[in-house]
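Notes for the structure review
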Amino acid sequence: MARVQAPRLQAPKPFLERPAPVSGLLAPDRFMKLVGLVLFVAAAVLPFITATPYIISILTSAMIYIVLAMGLNVVVGYAGLLDLGYIAFMAVGAYTSGVLTTQFGLSMLETIPFVVLACIIAGVVIGGPTLRLRSDYLAIVTLGFGEIIRITANNLKITGGPSGIHGIPTWRFFGWSFADGLDIGGVHFSSKILLYYFVLFVGIGLAVVAVSRLGKGKLGRAWKSVRDDEDVSEAMGINGYTTKLAAYIIGAVWGGFAGTLMASHLSAISPNSFEFLYSALVLMAVVLGGMGSTPGVIIGALFVSLAPEFLREFSEWRFLLFGVLLVVAMIFRPKGIWPANAVLPFLKKREIPEIPPTAAVSVVGVDADYDGDTVDPAAPSAAVDQNEEEGKR
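Residues numbered from 1 in each chain as written. Predicted model: local features only at pLDDT ≥ 70, side-chain atom pairs only at ≥ 80, totals over all residues. Heavy atoms only, no water.

1. A few points about the packing of aromatic side chains
This structure, assessed with the given rule, holds 17 aromatic pairs. Aromatic pair phenylalanine 48 and phenylalanine 189: ring centres 5.9 Å apart, planes at 85°, arrangement edge-to-face. Taken together, the residues phenylalanine 48 in helix α1 (residues 28-49) and phenylalanine 189 in strand β5 (residues 187-189) connect sequence positions 141 residues apart. You can call phenylalanine 48 exposed: its relative accessible area is 55%. With a centroid separation of 5.9 Å and 50° between ring planes, the pair formed by tyrosine 95 and phenylalanine 274 is classed as tilted. Remark: phenylalanine 274 occurs in the loop between β6 (268-269) and α10 (276-289) and tyrosine 95 occurs in helix α3 (residues 87-103); sequence separation between them is 179 residues. In this pair, the class of tyrosine 95 matches that of phenylalanine 274, namely buried. (Phe/Tyr/Trp six-rings, centres within 6.5 Å; stacked < 30°, edge-to-face > 60°. Helix = DSSP H or I, 4+ residues; strand = E, 2+ residues; numbered from the N terminus. Buried < 20%, exposed > 50% of the residue type's maximum accessible area, 1.4 Å probe, protein only.)

2. Side note on a nonpolar patch on the surface
Together, Leu25, Leu34, Leu37, Val38, Val41, Val45, Phe48, Ile49 and Val187 line one region of the surface with nonpolar side chains, adding up to about 840 Å² of accessible area. In this fold, leucine 37 is placed in helix α1. (Patch = residues over 30% accessible without salt bridge, like charges linked within 9 Å, V, L, I, M, F, W, Y side chains within 5 Å. Areas by Shrake-Rupley, 256 points an atom, 1.4 Å probe, with all protein chains shown as cover. Salt bridge = Lys/Arg side-chain N within 4 Å of Asp/Glu carboxyl O.)

3. Observations concerning the packing of helix α2 (residues 53-78) against helix α6 (residues 191-216)
To describe two helices that pack against each other, one gives the angle between their axes and the distance between the axes. The interhelical angle for the contact between α2 and α6, taken along N-to-C directions, is 15°, at an axis separation of 9 Å. It follows from the interaxial angle that α2 and α6 lie roughly parallel. Viewed along their axes, α2 and α6 form a crossing whose handedness is left-handed. Facing α2, whose interface residues are Ile56, Leu59, Thr60, Met63, Ile64, Ile66, Val67, Met70, Asn73, Val74 and Tyr78, α6 presents Lys192, Ile193, Tyr196, Val199, Leu200, Gly203, Ile204, Ala207, Val208, Val211, Ser212 and Gly215. Per-class residue counts for the contact of α2 with α6 are 17 nonpolar, five polar and one charged. (Axes fitted to C-alpha atoms, helices over the stretch in contact; angles between N-to-C directions. Parallel < 35°, antiparallel > 145°, perpendicular 65-115°, else oblique. Left-handed = near helix turned anticlockwise from the far one by under 90°. Contact = heavy atoms within 4.5 Å. Nonpolar A, V, L, I, M, F, W, Y, C, P; charged D, E, K, R; others polar.)

4. Digging into α6
Here α6 is 26 residues long and its end C-alpha atoms lie 36 Å apart, about the 38 Å a rise of 1.5 Å per residue gives. The axis of α6 is deflected most strongly, by about 25°, at valine 199. (Expected span 1.5 Å × (residues − 1). Bend = angle between axes of the 7 residues up to and from the residue.)

5. Considerations on helix α12 (residues 318-332)
Spanning 15 residues, α12 covers 21 Å between terminal C-alpha atoms, matching the ideal 21 Å at 1.5 Å per step. For α12, the complete set of buried residues consists of Arg318, Phe322, Leu326 and Ala329. Looking straight down α12, one finds its buried side chains confined to an arc of 80°; they lie on one side. In α12, the exposed positions that point more than 90 degrees away from the buried face belong to Ile331 and Phe332. Where α12 is buried, its residues meet α10 and α11 (294-310). (Arc of directions from axis to C-beta.)

6. Section: the side chain of serine 177
Residue position: serine 177 is located in strand β3 (residues 176-177). For serine 177, a relative accessible area of 13% translates into the label buried. From its side chain, serine 177 meets the backbone oxygen of tryptophan 171 in a polar contact 3.4 Å long. In contact with serine 177, not counting residues within four places along its chain, are Thr170, Trp171 and Arg172. (Polar contact = N/O pair within 3.5 Å; in protein donor to acceptor, adjacent residues only side chain to side chain.)

7. So, the pattern of salt bridges
By the definition in use, this model includes three salt bridges. Here glutamate 147 ties to arginine 150 by a salt bridge, and the two come within 2.8 Å at their closest N and O atoms. One end of the pair, glutamate 147, and the other, arginine 150, are both in helix α5 (residues 135-155), three residues apart, so they sit about a helical turn from each other. Using a relative accessible area of 21% as the deciding quantity, one classes arginine 150 as partly exposed. The salt bridge involving glutamate 230 is made with lysine 244; its shortest N-O contact spans 3.3 Å. You can see glutamate 230 sitting in helix α8 (residues 230-235) and its partner lysine 244 sitting in helix α9 (residues 240-266), a full 14 residues away along the chain. Note on glutamate 230: relative accessible area 13%, which makes it buried.

8. Considerations on the environment of glycine 259
Among the secondary structure elements, glycine 259 is positioned in helix α9. We classify glycine 259 as buried; its relative accessible area is 1%. Along the chain, glycine 259 and threonine 96 lie 163 residues apart, while their C-alpha atoms are 9.2 Å from each other. In this structure, glycine 259 is in contact with Met90, Gly93 and Ala94, ignoring residues within four places of it in sequence.

9. Considerations on the nonpolar core
One finds Met70, Leu72, Phe89, Trp254, Ile269 and Phe274 to be the most contacted residues of the largest nonpolar core, which totals 84 residues. Top contributing element to this core by residue count: α2, with 15 residues. (Core = buried A, V, L, I, M, F, W, Y, C linked by side-chain atoms within 4.5 Å.)

Shown next as structure tokens:
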């Protein structure tokens, strides 16, 4: 006997058709990807135009700031956690790689697993008991954590004390080091230029692509839900504590990787390199550029790292001018230079159809000929009382 299959349930069709996604070169997503690709290629070509040690050095530092700001964007921009001690994770990564390379003879590449592990432990230790706090209380705790890491590094012998660690080697791969240089087609690439390209392709490429993909995925949507309203997100089934802890750990790993890049770039680190001022500058880059916005964070990091260098000719006035520029930027762009929902005016936008007017709906239990006169609810009781008095008579 043939088995009759029951009809499958199908979702009802929507009353309004969803507008088709915007296509073409002027679609916002495609246009921004194209602009990012052009800027990436321009950064790769720049050393062939000018390769002075000063330009290469400040651009390498600026790109490391971008990697650091991308990690903080996960914590502050996506999850909405105010972190005032984020530079501590950079210190954990820098000191871990510095100690392992100078005292144990490991290469910078071999220290990456230890850096990741140390940052995860630091993120769990500080985030585990404190992420149940909110708002200003969490900010105060993270500020204290940043100072604890700096003071601890200042008083330990293995970290070099106040003098720090010197002679940190550059990156080495299977016996070949950046210090050896590289010749391709008669063009010589020095160690600084090789490190520049390494930070550009590995640091910037990995940071921008990975953070953007995380923000658009399921975990990124959970972060934004917790950021907007943690109570409502928990009512919808999202575990706010584990979601925030995941953001904190991922941000910690990003900060540790940026610390490893900075240690190899400067070849020397000290506790003074991880003061609260640098945490404020990285946070300023995220807020100034636009929280939760990948292009905005890149712009903010470049502004914070390069503006003091461009103002160097003003000598002692450069930090005053830097502060004035920050104030002006926040006055005229309170949501950031490039907010998360910013769209250039000449780009295409998705057209939302108008909702058709709905017909009048009658109320159950109300006569259609009802004229709207009100009825005194006390009238029936008054009639009953009058009948009772007549009966007594």
